[in-house]
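Here is what each chain is made of, one letter per residue.
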Amino acid sequence: MFIISLNYIKAIGEIEAHIDAHNDFLNKYYADRKFLISGRKNPRTGGIIIAQNTTIEEIKEIIKEDPFHQYEVAEYEITEFLPTKFNADLKTILQAL
């Protein structure tokens, strides 16, 4: 699994200009079962995406499709992690990995 941390590097107005296209990007990878969960940071300085069923190389390619990347309004940090402890409610999801 991967944590993709986005940090905004432009004003919120510039972020908002690309939010619909960014949501389309997210939906594509939810449909492909690559993204598990995503959301805004609080305070609103960026966002987090949890990705699964992929590799670090593929994540790097996927990020290139994000309008936030294409319009250079966010920076990305990718952290790979191996879940070893988890809430029992997540067992079905994690067994599929």
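See the structure above.
Criteria and cut-off values
Residues numbered from 1 in each chain as written. Predicted model: local features only at pLDDT ≥ 70, side-chain atom pairs only at ≥ 80, totals over all residues. Heavy atoms only, no water. Pairing = 2+ DSSP bridges. Helix = DSSP H or I, 4+ residues; strand = E, 2+ residues; numbered from the N terminus. Axes fitted to C-alpha atoms, helices over the stretch in contact; angles between N-to-C directions. Contact = heavy atoms within 4.5 Å.

### Description of the sheet that holds strand β2 (residues 35–40)
Then, number 1: The 4 strands are arranged β2-β3-β1-β4 in an open sheet whose pairing can be described as antiparallel. The strands lining the two open edges of the sheet, one partner per strand, are β2 and β4 (74–80). Direction aside, the axes of adjacent strands within the sheet are offset by 15° on average.
Then, number 2: In the sheet, strand β1 (residues 2–8) pairs with β4 via 7 bridges, with the strands oriented antiparallel. Opposite Phe2, over in β4, you have Glu80 as the bridge partner.
Then, number 3: Where helix α2 (residues 19–31) meets the sheet, it contacts β1, β2 and β3 (46–51), and its direction lies at approximately 155° from that of β2.
Then, number 4: Its contacts with the sheet place helix α3 (residues 56–63) against β1, β2, β3 and β4, and it is angled at close to 165° to β4.

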